[in-house]
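So the chains spell out like this:
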Amino acid sequence: MKTKTTKIIYWAGAIFMSLWFGASGFFELTKNPVVWDITQQLGYPPHFIYILGVFKIAGVLVLLLPNRLLRLKEWVFAGMFFDILFAFFSKIVVLGFPSTIDAIVAFSMLTMTYLMFRKLYSPELIFGEA
């Protein structure tokens, strides 16, 4: 795959994930009833929902910075992975499998985006290894 194609796929995924997590973070911080009701139904306390919102917005900002904070982007990808993973298992236990479709879509998109990220940036660039 050519570098240009890899960049297009990466940025399409990064923008999609940023919209997804940005909207989610915004709804958590503004106490949107749809997001709050589901999250509380899953058993998460209110203070945790606010923390999720703050970190999602911060992660989106880091993810959208081109060619900067590469090591921090690794952490953002990890945070998104765990957010999706916990959402998936919480939903499957409390609400049933059909409610997990959004998590499956998000996980697929995140995986593809991360693979393109790793293809674009070598470990030497990300971690400063020699």
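Note that the structure is a prediction, hence the values are computed from the model and not measured. Positions within a chain are numbered from 1, following the residues in the order the chain's sequence is written. The predicted origin of the model limits local features to residues at a pLDDT of at least 70 and limits the giving and counting of side-chain atom pairs to 80 or more, whereas totals for whole chains, interfaces and linings rest on all residues. As a rule here, side-chain values cover all heavy atoms of the structure and leave hydrogens and water aside.

1. Observations regarding the overall build of the chain
Numbered from the N terminus, helices here are DSSP runs of H or I no shorter than four residues, and strands are runs of E no shorter than two. Along the chain, the regular secondary structure elements total six helices and zero strands. Counted from the first residue to the last, the chain has its helices and strands arranged as α-α-α-α-α-α. In terms of overall dimensions, the chain has C-alpha extents of about 45 × 25 × 25 Å along its principal axes. Burial status follows relative accessibility: with a 1.4 Å probe on protein chains alone, a residue under 20% of its type maximum counts as buried, one over 50% as exposed, and anything between as partly exposed. Looking at the chain as a whole, 34% of its 130 residues are labelled buried. Any two residues whose heavy atoms approach within 4.5 Å at even a single point are treated as in contact. The long-range share in the chain, meaning contacts at least 24 apart out of those at least 6 apart in sequence, stands at 69%. Using a 1.4 Å probe, the Shrake-Rupley method yields the accessible areas, and only the shown protein chains count as cover for residues. Element-wise, carbon and sulfur atoms account for 73% of the exposed surface of the chain, whose accessible area totals about 7800 Å². Across the chain, the centroid of the 11 positively charged side chains sits 10 Å from that of the 7 negatively charged ones. Only four residue types enter the tally: Lys and Arg on the positive side, Asp and Glu on the negative side; His and the chain ends are excluded. Every charge is mapped to an atom, namely NZ of Lys, CZ of Arg, CG of Asp or CD of Glu.

2. Some remarks on the packing of aromatic side chains
Aromatic ring pairs are defined here through the distance separating the ring centres and the angle between the ring planes. The criterion for an aromatic pair is that two Phe, Tyr or Trp rings (for Trp, the six-membered ring) have centres within 6.5 Å, with stacked assigned to planes under 30 degrees apart, edge-to-face to planes over 60 apart and tilted to the rest. Summed over the entire model, instances satisfying the criterion amount to 14 aromatic pairs. Aromatic ring contacts, followed pair by pair, group Tyr 10, Trp 11, Phe 77, Tyr 114, Phe 117 and Tyr 121 into a single cluster. Should the NZ of a Lys or the CZ of an Arg lie within 6 Å of a ring centre and within 35 degrees of the ring normal, that charge is described as sitting over the ring. Residue placement shows Lys 31 over the ring face of Trp 36; its charged tip is 5.0 Å from the ring centre.

3. A short note on the side chain of Asp 83
Mapped onto the elements of the fold, Asp 83 is located in helix 4 (residues 70–94). Every residue in contact with Asp 83, bar those within four places of it in the chain, is listed here: Phe 21, Leu 52 and Lys 56.

4. A word on the packing of helix 2 (residues 33–41) against helix 3 (residues 46–63)
With their axes 10 Å apart at the nearest point, helix 2 and helix 3 run at an angle of 125 degrees to one another. By the criterion of interaxial angle, the relationship of helix 2 to helix 3 is oblique. Relative to helix 3, the crossing made by helix 2 is right-handed. Within the contact between the two elements, helix 2 uses Trp 36, Thr 39 and Gln 40 and helix 3 uses Pro 46, Ile 49 and Tyr 50. By the convention adopted, Pro, Cys, Tyr, Trp, Phe, Met, Ile, Leu, Val and Ala count as nonpolar, Lys, Arg, Asp and Glu as charged, and the other residues, Gly among them, as polar. Tallied by class, the residues present in the contact of helix 2 with helix 3 amount to four nonpolar, two polar and no charged. Axes here refer to lines fitted to C-alpha atoms; in helices the fit is confined to the stretch in contact. Angles between the N-to-C directions go from 0 to 180 degrees. In what follows, roughly perpendicular refers to angles from 65 to 115 degrees, roughly parallel to angles under 35, roughly antiparallel to angles over 145, and oblique to any angle outside these ranges. Helix crossings get a hand from a simple test, with the near helix turned counterclockwise from the far one by less than a right angle marking a left-handed crossing and a clockwise turn marking a right-handed one.

5. Points about the UniProt feature "transmembrane region" (unreviewed entry) in the chain
The feature "transmembrane region" (unreviewed entry), as given by UniProt, occupies residues 9–27, 47–66 and 75–94 in the numbering adopted here. The straight-line gap between the two end C-alpha atoms of residues 47–66 is 32 Å; of that span, 85% is helix and 0% is strand. UniProt positions are given in the numbering used here, feature names are shortened, and annotations may be inferred rather than shown by experiment.

6. What to know about the confidence of the model for the chain
Residue-level confidence of the predictor is summarised by pLDDT, bounded by 0 at the bottom and 100 at the top. The predicted model of the chain has a mean per-residue pLDDT of 94, with 98% of residues at 70 or higher. Within the chain, helix 5 (residues 101–120) carries the highest mean pLDDT (97), whereas helix 6 (residues 123–127) carries the lowest (83).

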